[in-house]
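The lines below spell out each chain.
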Amino acid sequence: MSKADLDKLVAQYPAAIVSSHSNFGDDTAVVTKESLKDVMRFLRDTVGFDLLVSVTAADYFGREPRFEVVYHLRSMATGNRLRIKVPVHEEEGGPSAEVATVSDLWPTANWQEREAYDMFGIKFSGHPDLRRILMYEEFVGHPLRKDYPKEQRQPLIRRDYSLS
Amino acid sequence: MAESPSSPIKSSIAAALRETVSPPPPPAASPAAPSAAPAGSAPSSAPPQSELCTIKLDGREVQAKKGANLLEVCLAHGVDVSYFCYHPGLSSPAVCRQCLVEVVGQPKLVPACFTPIADKMEVNTATPRVLTIRRQMLEFTLVNHPVDCPICDKAGECTLQKQYQDWDHVGSRSSIPKVHKPKMQDLGPHIVLDSERCILCTRCIRVCDEVAGQKQLTMAWRGDREQLTVAPGHQLDNPYSLNTVDVCPVGALTSKDFRFTMRAWELFTTSSVCPGCATGCNVEVHHAQGEIWRLVPRENLQVNKYWMCDEGRFAYKDVRHKRLTSARIGAGRGQPAQITSVDKAVAFAAERLERLVSSGGTIGLVYSAQTTNEALFALSQVAAKLTARGASVRAYVSGAAPRPERADNILRSADVNPNTAGAKLLAGVGAGDAKALLADLTAGKLKGLWMVGTDLPLGEQAEFEIAPLADGLELLICQAVHDSPLLRRAHVQLPAAAWAEVDGTFTNAKHMVQRLRKAVAPQGDARAHLELVTQIAKKANLAQNEKWQVSARQAFLQMVAEVASTLPPGADPAQSVAAGFAAADWGKEFLPVQLRFANSRG
Amino acid sequence: MSTTTQSKTGPRKLAFGMPTPDEIAAGGIPGLSARPKLPVDLMDKLNASELEEVEDIELPTEPMQINMGPSHPATHGTVRIVLTIDGETVRDSDVQVGYLHRCFEKEAEYATYTQVFPYTDRLNYVSPLLNNVGFALAVEKLLGIGAAIPERAQYIRVIVGEISRITDHLTCLGASAMEVGGFTPFLWMIKIREWLWELLEELTGARLTHSYVRVGGVSQDLTEDFIARLRATLNRSLEPLAECEKLLVKNRIFRDRMDGVGTMSAEDAIAMGWTGPCLRSTGVPYDVRKDHPYLVYDRFEFDVPVGSVGDNYDRFAVRLEEIRQSMRILEQAMQQIPPGPVLLDEPRICMPPKNAVYNTIESMIGHFKLIVDGIKVPPGEVYSYTEGGNGELGFYIVSDGSGRPYRCHVRSPSFIITQSMSKLILGAGIADIIPTFGMINMIGGECDR
């Protein structure tokens, strides 16, 4: 289907594409963190992927790089779809995982990136309002990380419900 | 698949199961168990070119050693062949006929586990003929198998279930009644047999014969009446009897200790090392709901191969029972102590320790051989700081008394402390032993004593008698896992985490530094020995921000670096403990995985 | 202002604390602050005719923050909106979701694929079967058995899915009508919904949490008279539905609350990631069933209604029309549905029959392995999407080859559309929040997962 779009992307940014595949019929390109913004802008403006369907992440604990941020795109004109994945490192004791925001390209990324931040602790640099979204501010840890035990308890929070 | 998310969980399990922290000593060290493997064959050393031959495996050219077991070659090259009676640690009798494969040129299918490979052999493992036979063999095995899964202890980690689901998965065609055999037969102190479930693979017989060296099990009767049994007047009571439960591919042999306590698939597995003796068998700790339910051996060809002793399997009970779970401080000398928080007890200990240092007098430090290297390393750092401050410090290595009667040439060692080698190295050359400690106590040479682990080579009764010796001390700090008479005499009684509750390493008798992993949370207020030492040292201004205080891993790294710095490069781990340390590696971190999702042990 | 009434106990003040003349004479009720004085020039014009001339005059107010929700009586959906208002006008808002977060994605990582179905029921809980189908399709895509699913099962999935879509839209429309004051349509629409849910209850055993779909098909065949009863129910629903439509479409009050309120342009809607009825209300005819047909949707004739303005009324009208289109699909599906099995015959994916499980060791093992280890799904990752009640419902599943998802992300249409709430109510009145929020149809279970 949209194999042509994937080819176009690979041709345009040969250095940025780490790998690509079309397993299960889902065209996928893995791009480097540094070139994410350029690739996404190219996909939106030149190839025509105007709908950012979803932004999410996955934690491959024990693998390097540990995280992957996953974007699903759709072109409203052609109906083609494309998955973009960005591997994101997290160093032990070092800076936390960080990747550039795409919320300036697609405003819909705003909440979805907030969710990825909330659930995985991945920072989206340049995000206008990077707060937790599903969890509360006082929540300790990032629940969808593989090393966050499912049974983990959280301290009881006495919340000040004054407006904020 | 260009970019598949590989299976992080499964591969990590596989790696965990095969992991040795430090490289093994050369094969000169005596093999851990007399086994069927040909003597002197080191698995790691590649055979010379002349010994290799090439066979065609499912159309693929594969190189392997001439005469190697065909089934092993298949498994090594990722070709899945079903089998029951074969076990990598045992001889192959080819009784189950489940591993039949096609060798081109041979009229009948051959059992892969009994076929040595020869040059230019052509083997097919997935032709319709092979698959049909494989299915028929399973159908045959299942004809008389009882519908027991819901009440069977092995369900969820059963090889028969696994092979059926992988290769047969066709419904029953039989309507005749099943043959009934005795259920619930008591074979020995640890084992119960259900003959109906037995598929007659004879693995258990071979475990007794070849691993334990005691011929206690045998087959009786013939045909569909055939049964496993013990010889009349005998019992299945060898010290390795529970290995029969592990190798049993079905639920015929079950462990009295474990049966009906937990469903196997609910358990989580964490790889660790048995704390039972100086052999340091590699184990998997199976735990759920914050409790350990059993220990099973983990493959390590350099240490324990696939086995462990029965006594070691019960080492988990020490983690559960008779634990010291809260800190106490008091006036010592057996007067009632007061329960307090660990932080307060630590502060109290630090303050008294500082006072003792400034007033002068000898301080004894006890390095227990049941404590991890990291905690002992931290203690040695503290000792150096104390000496630097002008205190006179004496080190002692202590541990439980040796039990010569348990030693054999298989796995069991007379030294029942898992970390004697490490404790001796870390305590330093001048360290005394437990005898010296008792002598010094009797002579009143010590003013203070700090015990990291209160294990002494005494029975509990004797401990009652010697406990008053501690009354001459101005300060006795005890970090202990279990309650004991000596502990009751201490001024500061700190609850320490047991071996399964900490990250760290033990050094076994072969100088291999092996990794323990935290499986469950410490009971009550207990904290790791390393944490307690760190906290006391910090409070007593004996340490500031050294790396070893951060985590067990950091302590390990610093310890290895320091030990290695004293050694010439390329030292042989077989020759000295220090070289074993220098070659050690912390290994990777794994998340505990539930057995049901870990490609069942079956 | 006669605020007293005579009773046996003497004069008594009525509710609401209006001061009595006596109290006014005495200087008002203590503690009640004096009203701010209006500017003098405005005071001069305090006469109605003059005020009309100076339309733009606004009462001087200060921006003020108020809290709407998380449990507001006039919204359906648990959400907290922190409003900054200037008089009645919304100047800024912070929409806070998460009050119904139940760790769907985390729980799914600890459950076998089959065990995830009950969790999906609780995503969009007014159309659980659509979620069931969406998840099943994602797993089947990973297994590569999509084409092998028995045809009857595919039709059943369409039928129960479209019934669920109708109940979803009915809930949205009925509740929204009630929230802006029309109580009758709510009762009638909920009544129709109840008829449909009774049917589903008979089929699946549960009124709401059906867990009916399985990987490889559906758990059981339609009941004997299901088709006949469904047809009767649909016919029966037409009248009250038409009645509701009349009650609302030509209702001055309703139209005033909906028309031109919460307007969104097509470009903005796409940029905000809208899908489903909300996107279609802006004029974009994107419907997964038409654009990427799944199951047997390519065999049905149906239209994709679109709006022109993108306001609340368009969202209302699109949903109302979609109910009719779903009925059309149902009618065709009921005619076309073939006989046959409803579950794939593949023992490594679907359970053996119960009788065999209890009596033979072979089926017992098969059952046991599927329950304990789960369906072994080959490693890989897929994104599978269907048309849910509120738009594109997507499942991104990563498998590591074991019996449970390594990662299971739900692309929840509600979550993404709720994000636009701030934009939609910016500059609107407080009262406009209610119909706008209603027509966004934020379903807490799906939004917060």
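Scoring rules and cut-offs
Residues numbered from 1 in each chain as written. Chains lettered and ligands numbered in written order. Predicted model: local features only at pLDDT ≥ 70, side-chain atom pairs only at ≥ 80, totals over all residues. Helix = DSSP H or I, 4+ residues; strand = E, 2+ residues; numbered from the N terminus. Buried ≥ 20, exposed ≤ 12 C-beta atoms within 10 Å, placed from the backbone. Contact = placed C-beta atoms within 7 Å. Nonpolar A, V, L, I, M, F, W, Y, C, P; charged D, E, K, R; others polar. Axes fitted to C-alpha atoms, helices over the stretch in contact; angles between N-to-C directions. Parallel < 35°, antiparallel > 145°, perpendicular 65-115°, else oblique. Left-handed = near helix turned anticlockwise from the far one by under 90°. Pairing = 2+ DSSP bridges. Domains from an automatic or database assignment. Core = buried A, V, L, I, M, F, W, Y, C linked by C-beta atoms within 7 Å. pLDDT = per-residue confidence, 0-100. Expected span 1.5 Å × (residues − 1).

Draft legend 1. Seen up close, the overall build of chain B. Helices and strands together make up the secondary structure of chain B, namely 17 helices and 23 strands. Relative to its 602 residues, chain B shows a buried fraction of 50%. Taking all contacts inside chain B whose residues are at least 6 apart in sequence as the whole, residues at least 24 apart take part in 69%.

Draft legend 2. Representation of the overall build of chain A in the model. Within chain A, the regular secondary structure consists of three helices and seven strands. In sequence order, chain A lays out its α and β elements as α-β-β-α-β-β-β-β-α-β. Principal axes of the C-alpha set define a box for chain A whose edges measure 55 × 35 × 25 Å. Going through the 164 residues of chain A one by one, you find that 41% of them count as buried. Pairs at least 24 apart in sequence give 47% of the contacts found in chain A among residues at least 6 apart.

Draft legend 3. Layout of the interface of chain A and chain C. Contacts between the two partners involve 27 residues from chain A and, on the opposite side, 34 residues from chain C. A total of six residues in the side of chain A that touches chain C trace back to one element, the largest contributor, which is strand β3 (residues 51–59) of chain A. Class assignment for the residues of the side of chain A that touches chain C results in 16 nonpolar, seven polar and four charged.

Draft legend 4. Broad picture of the environment of Ser358(B). Residue and element names in this part refer to chain B. Inspection of the secondary structure puts Ser358 in helix α9 (residues 342–359). Judged by local crowding, Ser358 falls into the exposed class, with 11 C-beta atoms found within 10 Å. Distance in space between the C-alpha atoms of Ser358 and Gly390 is 8.8 Å, their sequence separation being 32 residues.

Draft legend 5. Representation of the packing of helix α9 (residues 226–249) of chain C against helix α14 (residues 312–336) of chain C within the structure. Residues and elements named next belong to chain C. At a minimum axis distance of 11 Å, the contact between α9 and α14 shows a crossing angle of 160 degrees. Considered as vectors, α9 and α14 are oriented roughly antiparallel to each other. Judged by the sense of rotation from one axis to the other, the crossing of α9 with α14 is left-handed. Here Ile227, Leu230, Arg231, Leu234, Leu241 and Glu245 of α9 come into contact with α14, specifically with Leu320, Ile323, Met327, Leu330 and Met334. Class assignment of the residues belonging to the contact of α9 with α14 gives a composition of nine nonpolar, no polar and two charged.

Draft legend 6. Inspection of the sheet that holds strand β10 (residues 253–255) of chain B at higher detail. Residues and elements named next belong to chain B. Strand order in the open sheet formed by three strands is β6-β7-β10, and the pairing between neighbours is antiparallel. Of all strands in the sheet, those bounded by a partner on one side alone are β6 (185–186) and β10. Strand direction decides the pairing type here: strand β7 (residues 191–193) and β10, joined by three bridges, are antiparallel. The partner of Leu193 across the bridge, within β10, is Leu253.

Draft legend 7. The arrangement of the domain arrangement of chain B in detail. All names here are of chain B. Entries for chain B in the domain assignment read domain 1 (53–138), domain 2 (147–158 + 170–318) and domain 3 (327–593). The gap between the C-alpha centroids of domain 2 and domain 3 is 36 Å. For the side of domain 2 that touches domain 3, the elements supplying multiple residues, two or more each, are β11 (268–273), β12 (282–288), β13 (291–297) and α8 (316–320). A per-element tally of the side of domain 2 that touches domain 3 places β11 first, with six residues.

Draft legend 8. Region of the structure containing the pairing of strand β20 (residues 492–495) of chain B. Residue and element names in this part refer to chain B. Neither face of β20 is left uncovered, since the one carrying Val492 and Leu494 and the one carrying Gln493 and Pro495 both have all their residues buried. Here strand β14 (residues 327–329) pairs with β20 via two bridges, running antiparallel. From the neighbouring strand, Ile329 faces β20, where its bridge partner is Val492. Of the strand pairs in this sheet, strand β19 (residues 475–480) and β20 are connected by four bridges, and their pairing is parallel. When the bridges of β20 are listed, Cys478 appears paired with Gln493.

Draft legend 9. Focus on the nonpolar core. Core analysis: the largest hydrophobic core is formed by 179 residues, its most contacted members being Tyr367(B), Leu379(B) and Val533(B). The element contributing the most residues to this core is helix α10 (residues 373–388) of chain B, with eight residues. Non-local contacts of Leu379(B), meaning those with residues more than four positions away in its chain, are made with Leu365(B), Tyr367(B), Val452(B) and Val533(B). Formed by 154 residues, the second largest nonpolar core is a distinct cluster that contains Ala177(C), Tyr297(C), Tyr313(C) and Ile443(C).

Draft legend 10. Broad picture of the sheet that holds strand β2 (residues 60–65) of chain B. Read from one edge of the open sheet, five strands run β2-β1-β5-β3-β4 (chain B), paired in mixed fashion. The outermost strands of the open sheet, each flanked by one partner alone, are β2 and β4 (110–111) of chain B.

Draft legend 11. The confidence of the model for chain B, seen in detail. Residue and element names in this part refer to chain B. The predicted model of chain B has a mean per-residue pLDDT of 84, with 90% of residues at 70 or higher. Looking at the elements of chain B, mean pLDDT is at its lowest for helix α1 (residues 8–17), recorded as 39, and at its highest for β7, recorded as 93. The low-confidence segment residues 1–44 (pLDDT under 50) makes 94 contacts with residues lying over four places distant or belonging to another chain. The complex prediction reports pTM at 0.80, with the ipTM value standing at 0.89.

Draft legend 12. Layout of the interface of chain C and chain B. Each partner contributes residues to the interface: chain C has 26 residues there, and chain B has 24 residues. Listed by contribution, the elements that provide at least two residues to the side of chain C that touches chain B are α15 (354–359), α16 (361–372) and β8 (380–387) of chain C. The leading source of residues in the side of chain C that touches chain B is α16(C), at nine residues. Of the residues that constitute the side of chain C that touches chain B, the class distribution is 11 nonpolar, eight polar and seven charged.

Draft legend 13. Here's a closer look at the environment of Met184(B). Along the chain, Met184(B) turns up in the loop between α4 (159–168) and β6. For the pair Met184(B) and Ser195(B), spaced 11 residues apart in sequence, the C-alpha to C-alpha distance is 8.0 Å.

Draft legend 14. Fine view of the confidence of the model for chain A. Confidence in the prediction of chain A, expressed as mean pLDDT, is 84, and 92% of residues score 70 or more. Mean pLDDT across the elements of chain A ranges from a minimum in helix α1 (residues 3–12) of chain A, with 79, to a maximum in strand β4 (residues 67–74) of chain A, with 92.

Draft legend 15. Broad picture of the packing of α10(B) against helix α11 (residues 420–427) of chain B. Residue and element names in this part refer to chain B. Contact geometry for α10 and α11: axes closest at 9 Å, N-to-C directions at 15 degrees. Classified by the interaxial angle, the pair formed by α10 and α11 is roughly parallel. For α10 against α11, the interelement crossing comes out right-handed. From α10, Asn373, Leu376, Phe377 and Ser380 reach across to α11, where they touch Gly422, Ala423, Leu426 and Ala427. Within the contact of α10 with α11, the residues separate by chemical class into five nonpolar, three polar and no charged.

Draft legend 16. Region of interest: unusual backbone geometry. Residue and element names in this part refer to chain B. Phi is positive for Leu200, which is not a glycine, with a value near 65 degrees. By the secondary structure assignment, Leu200 is in the loop between β7 and α5 (203–212). A positive phi angle, near 65 degrees, is found at Trp221, a position not held by glycine. Along the chain, Trp221 falls in the loop between β8 (217–220) and β9 (227–230). Trp221 sits in the exposed class, given 12 other C-beta atoms within 10 Å.

Draft legend 17. Structural context of α9(C). All names here are of chain C. For α9, which comprises 24 residues, the first-to-last C-alpha distance of 33 Å matches the rise-based estimate of 34 Å (1.5 Å per residue) to within 8%. Those residues of α9 not exposed but buried are Leu230, Leu234, Ser237, Leu241, Cys244 and Leu248. Buried residues in α9 make contact with α7 (151–179), α8 (183–204), α10 (252–258) and α14.

Draft legend 18. Up close: helix α6 (residues 128–143) of chain C. Residues and elements named next belong to chain C. For α6, built from 16 residues, the straight-helix expectation of 22 Å at 1.5 Å per residue is met to within 8% by its first-to-last C-alpha distance of 23 Å. In terms of burial, α6 is a largely internal element, 16 of the 16 residues being buried. Positive backbone phi, approximately 70 degrees, marks Gly144, located one or two places after α6.

Draft legend 19. Examining the pairing of β2(B) more closely. Residues and elements named next belong to chain B. Pairing analysis gives six bridges linking strand β1 (residues 52–57) to β2, with the strands arranged antiparallel. Opposite Ile55, over in β2, you have Val62 as the bridge partner. Between β1 and β2, which pair antiparallel in sequence order, lie two residues; one of them, Asp58, sits at a positive phi of approximately 50 degrees.

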